[in-house]
Amino acid sequence: MVQTLVADPARGEEPPRPDPARGSARLGLPVSDRWESLSDLAAGLAHEVRNPLAIIQAGVAFLAPHLPPADGSVARALQDVRQAVDRIDAVLEGLLRFSDGREADRTQEEERKRR
Amino acid sequence: MSGAARKRILIVEDEEALARFLQLELESQGFEVRTAERGAPALRDAADHRPDLAILDLRLPDMSGYDVCRELRRLCSPWPIPIVMFTAMGRPIDRLRGFSSGADVYLTKPCDLAELGRTVSGLLEETLTA
């Protein structure tokens, strides 16, 4: 399910806009509960992925001064790793914003209905 | 960084590899670093060794980083102790809770460790001049 909601900002992709009614009907959940679940899922996923990302980034930073400059290929490889980390993090950030934004929209909509 | 050489930093982080990299980075900058993987041992360590600054993860195996933050504030009162939350939880609500529980700085993983080191140095300098 996550794959269908995640876009890669580095590629200029926008997250698709899912149909909440269709999803909630399939899961048998109210729309509000579904968005809350999605927000929690996104936060949990981001947490689980960002910790290893932080280790990779820290490891690259630690290794960089110890590697020979050679012909520049080592520096290029490290830069590739850093950029890959940034790309994954950007995807996670997009997922979080998407789910939190929908959650905020839902809350505002419910408040309007109550008035 | 001779002025910071004696400063003690407590890292509370359950990712062992990340804690090790943090420790290496901060020790290379002249800080004395202690680490804990859980909240309760971290609080005992803080009571015994009185850190000058703490770096806290939020999701710990035994207790919430928010609770560790509040308890650190209480333990170290009335002396100010800068607290840096270093966490993978990056939602606005997480930040709000972090600052509400007493954090001075909220950094989201992954983060450049050199930036973290600069943040630590800056906070300690502010504490010295306060």
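Residues numbered from 1 in each chain as written. Chains lettered and ligands numbered in written order. Predicted model: local features only at pLDDT ≥ 70, side-chain atom pairs only at ≥ 80, totals over all residues.

Asks: I keep staring at the overall build of chain A and nothing clicks. Help me out?
Replies: Within chain A, the regular secondary structure consists of four helices and zero strands. Its helices and strands taken in sequence order, chain A reads α-α-α-α from the N to the C terminus. Across chain A, contacts joining residues at least 24 apart in sequence account for 67% of those joining residues at least 6 apart. (Helix = DSSP H or I, 4+ residues; strand = E, 2+ residues; numbered from the N terminus. Contact = placed C-beta atoms within 7 Å.)

Asks: Help me out: how do you make sense of the overall build of chain B in this one?
Replies: Looking only at helices and strands, chain B features five helices and five strands. Here the C-alpha radius of gyration of chain B, 13 Å, is about what a compact globule of 130 residues would show, namely 14 Å. Its C-alpha atoms give chain B principal-axis dimensions of about 35 × 30 × 25 Å. In chain B, buried positions account for 38% of the 130 residues. Sequence-distant contacts, at least 24 apart, represent 62% of the contacts inside chain B between residues at least 6 apart. (Rg over C-alpha atoms; globule rule 2.2 N^0.38 Å. Buried ≥ 20, exposed ≤ 12 C-beta atoms within 10 Å, placed from the backbone.)

Asks: Mind showing me how you'd approach the interface of chain A and chain B here?
Replies: Reports often express the size of an interface as the amount of accessible area lost when the parts come together. Each partner contributes to the interface: chain A provides 17 residues, whereas chain B provides 16 residues. Top contributing element to the side of chain A that touches chain B by residue count: helix α3 (residues 31-63) of chain A, with 13 residues.

Asks: Hey, could you run me through the sheet that holds strand β4 (residues 83-87) of chain B in this one?
Replies: The strands making up a sheet are joined through hydrogen bonds of the backbone, oriented either antiparallel or parallel. Residue and element names in this part refer to chain B. Taken together, the five strands give an open sheet; going across it, the order is β2-β1-β3-β4-β5, and neighbouring strands pair in parallel fashion. Only two strands of the sheet have a single partner each, and these edge strands are β2 (32-36) and β5 (105-108). Strand-to-strand twist across the sheet, computed as the mean angle between neighbouring axes with direction ignored, equals 20°. Relative to strand β3 (residues 53-56), strand β1 (residues 8-12) runs parallel, the two sharing four bridges. Within β3, the position partnered with I9 by the bridge is L53. The strands touched by helix α1 (residues 16-28) within the sheet are β1, β2 and β3, with β2 carrying the most contacts at an inclination of about 170°. (Pairing = 2+ DSSP bridges. Axes fitted to C-alpha atoms, helices over the stretch in contact; angles between N-to-C directions.)

Asks: Explanation requested: the confidence of the model for chain A in the structure shown.
Replies: Detailed reading of the predicted coordinates is not advisable wherever pLDDT falls low. All names here are of chain A. Residues with a pLDDT of 70 or more make up 59% of chain A, whose mean pLDDT is 75. Helix α1 (residues 2-5) is the least confidently modelled element of chain A, averaging 45 in pLDDT, while α3 averages 87, the highest of any element. The low-confidence segment residues 1-5, where pLDDT is below 50, has six contacts with residues more than four positions distant or belonging to other chains. (pLDDT = per-residue confidence, 0-100.)

Asks: How should the nonpolar core be read in this particular structure?
Replies: Side chains of a nonpolar character, in soluble globular proteins, are inclined to be buried together. Counting 47 residues, the largest nonpolar core has V12(B), A54(B), I55(B), L56(B) and I83(B) as its most contacted members. Residues contacting I55(B), with those up to four places away along its chain left out, are I9(B), I11(B), V12(B), L22(B), V84(B) and F86(B). (Core = buried A, V, L, I, M, F, W, Y, C linked by C-beta atoms within 7 Å.)

Asks: Can you help me understand the packing of helix α2 (residues 39-49) of chain B against helix α3 (residues 65-76) of chain B in this one?
Replies: Helix-helix packing is characterised by the crossing angle of the two axes and by the distance between the axes. Residues and elements named next belong to chain B. Closest axis-to-axis distance for the α2/α3 pair is 10 Å, and the angle between their directions is 15°. In terms of orientation, α2 lies roughly parallel with respect to α3. You can see that α2 and α3 cross each other, and the crossing is right-handed. Within the contact between the two elements, α2 uses G39, A42, L43, A46 and A47 and α3 uses D67, V68, E71, L72, L75 and C76. Here the residues of the contact of α2 with α3 sort into eight nonpolar, one polar and two charged. (Parallel < 35°, antiparallel > 145°, perpendicular 65-115°, else oblique. Left-handed = near helix turned anticlockwise from the far one by under 90°. Nonpolar A, V, L, I, M, F, W, Y, C, P; charged D, E, K, R; others polar.)

Asks: Looking at this structure, I do not really get the pairing of β3(B). What am I missing?
Replies: Where a strand is regular, its side chains alternate between the two sheet faces. All names here are of chain B. Burial along β3 is two-sided: the residues L53 and I55 and A54 and L56 are all buried. The pairing of β3 with β4 spans three bridges and is classified as parallel. In the strand pairing of β4, I55 is matched with V84. For the handedness criterion, the β-α-β arrangement of β3, α3 and β4 is classed as right-handed. (Right-handed = clockwise from strand over helix to strand, strands pointing away.)

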